[in-house]
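Analysis of the macromolecular model
If you want the building blocks of each chain, they are given just below.
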Amino acid sequence: MSHLLVVMGVSGSGKSTVGAALSQRLRVPFADADDLHPEANVAKMARGEALDDSDRWPWLQEVGRWLADRAAAGTGGVMSCSALKRSYRDQLRHHAPETTFVLLEGGRDIIERRQASRPGHFMPPSLLTSQFSTLEPLEPDEDGVVLEVDQGVDAIVQAYVDTMERRSS
């Protein structure tokens, strides 16, 4: 079975760490959408300015192409990507309809603690309010699973695997 996943959530939720662990567990390629941002986006966020949709669309196109390429190759893959709005997830599904979303959910206090332990990351903690206000939870018609981040990475990965096994039986 070829898995095609987007591990999503606000900055500091653990997308990259969980995404990398899921890709290892599922034996599929991993990519971090942060690495696909154009320099202008990174500079804007580093200045403490939130991206707007016109900043995000070209970036989402790149993320979508990566997913579509993995789907076409039959390798599957895991991408960490904030994918905060339904419209962003729809854009990714436009490229790769079989994508499953894994929303890493946690309270603001947990996320703030996690962000504080990431010195030098281009996304300053000041943008966390913007991220939480932008986040649109997965809707019932979206293929996805919501996992709480208040547990270790191995437990989160196992929770995903357990959920998928229950769904397939």
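Please refer to the structure placed before this passage.
What comes next is a walk through the structure.

1. Details of the nonpolar core
Counting residues in each nonpolar core, the largest one holds 23 residues, and the members touching the most others are Leu 5, Val 7, Leu 22, Val 102, Leu 104, Leu 147 and Tyr 160. Of all the elements in the fold, those that place two or more residues in this core are strand 1 (4-8), helix 1 (15-26), strand 4 (100-105), helix 5 (108-116), strand 5 (144-148) and helix 7 (153-168). Take this core: its biggest share by element is five residues, from helix 7. When neighbours within four sequence positions are excluded, Leu 104 is seen to be in contact with Val 7, Met 8, Gly 9, Ser 13, Gly 14, Lys 15, Val 18, Leu 147, Val 149 and Ile 156. Membership of the second largest hydrophobic core comes to 19 residues, among which are Trp 59, Tyr 88, Ala 96 and Leu 138.

2. A closer look at the sheet that holds strand 5
In space, the five strands of this open sheet follow the order 2-3-1-4-5, with parallel pairing throughout. The strands lining the two open edges of the sheet, one partner per strand, are strand 2 (30-32) and strand 5. Strand-to-strand twist of the sheet, defined as the mean angle between neighbouring strand axes without regard to direction, takes the value 20°. When strand 1 meets strand 4, the two strands line up parallel, connected through four bridges. Along strand 4, the bridge assignment pairs Met 8 with Leu 103. Helix-sheet contacts for helix 7 involve strand 1, strand 4 and strand 5, and the interaxial angle to strand 5 is about 145°.

3. Structural notes on the packing of aromatic side chains
Throughout the structure, instances matching the rule amount to one aromatic pair. Between Trp 57 and Tyr 88, the ring centres sit 5.8 Å apart and the planes meet at 85°, which makes this aromatic pair edge-to-face. Of this pair, Trp 57 sits in helix 3 (residues 53-73) while Tyr 88 sits in helix 4 (residues 86-95); the two residues are 31 residues apart in sequence, bridging distant segments of the chain.

4. So, helix 7
An α-helical segment advances 3.6 residues per turn. Residues three or four places apart therefore align on the same side. For helix 7, which comprises 16 residues, the first-to-last C-alpha distance of 23 Å matches the rise-based estimate of 22 Å (1.5 Å per residue) to within 8%. Considered for burial, the residues of helix 7 that qualify are Ile 156, Val 157, Tyr 160, Val 161, Thr 163 and Met 164. One face of helix 7 carries all of its buried residues, which in axial projection span an arc of 160°. Within helix 7, the exposed residues directed more than 90 degrees away from the buried face are Asp 154 and Arg 166. The inward-facing, buried residues of helix 7 abut strand 1, helix 1, strand 4 and strand 5.

Rules behind the numbers
- Residues numbered from 1 in each chain as written.
- Predicted model: local features only at pLDDT ≥ 70, side-chain atom pairs only at ≥ 80, totals over all residues.
- Heavy atoms only, no water.
- Core = buried A, V, L, I, M, F, W, Y, C linked by side-chain atoms within 4.5 Å.
- Buried < 20%, exposed > 50% of the residue type's maximum accessible area, 1.4 Å probe, protein only.
- Helix = DSSP H or I, 4+ residues; strand = E, 2+ residues; numbered from the N terminus.
- Contact = heavy atoms within 4.5 Å.
- Pairing = 2+ DSSP bridges.
- Axes fitted to C-alpha atoms, helices over the stretch in contact; angles between N-to-C directions.
- Phe/Tyr/Trp six-rings, centres within 6.5 Å; stacked < 30°, edge-to-face > 60°.
- Expected span 1.5 Å × (residues − 1).
- Arc of directions from axis to C-beta.

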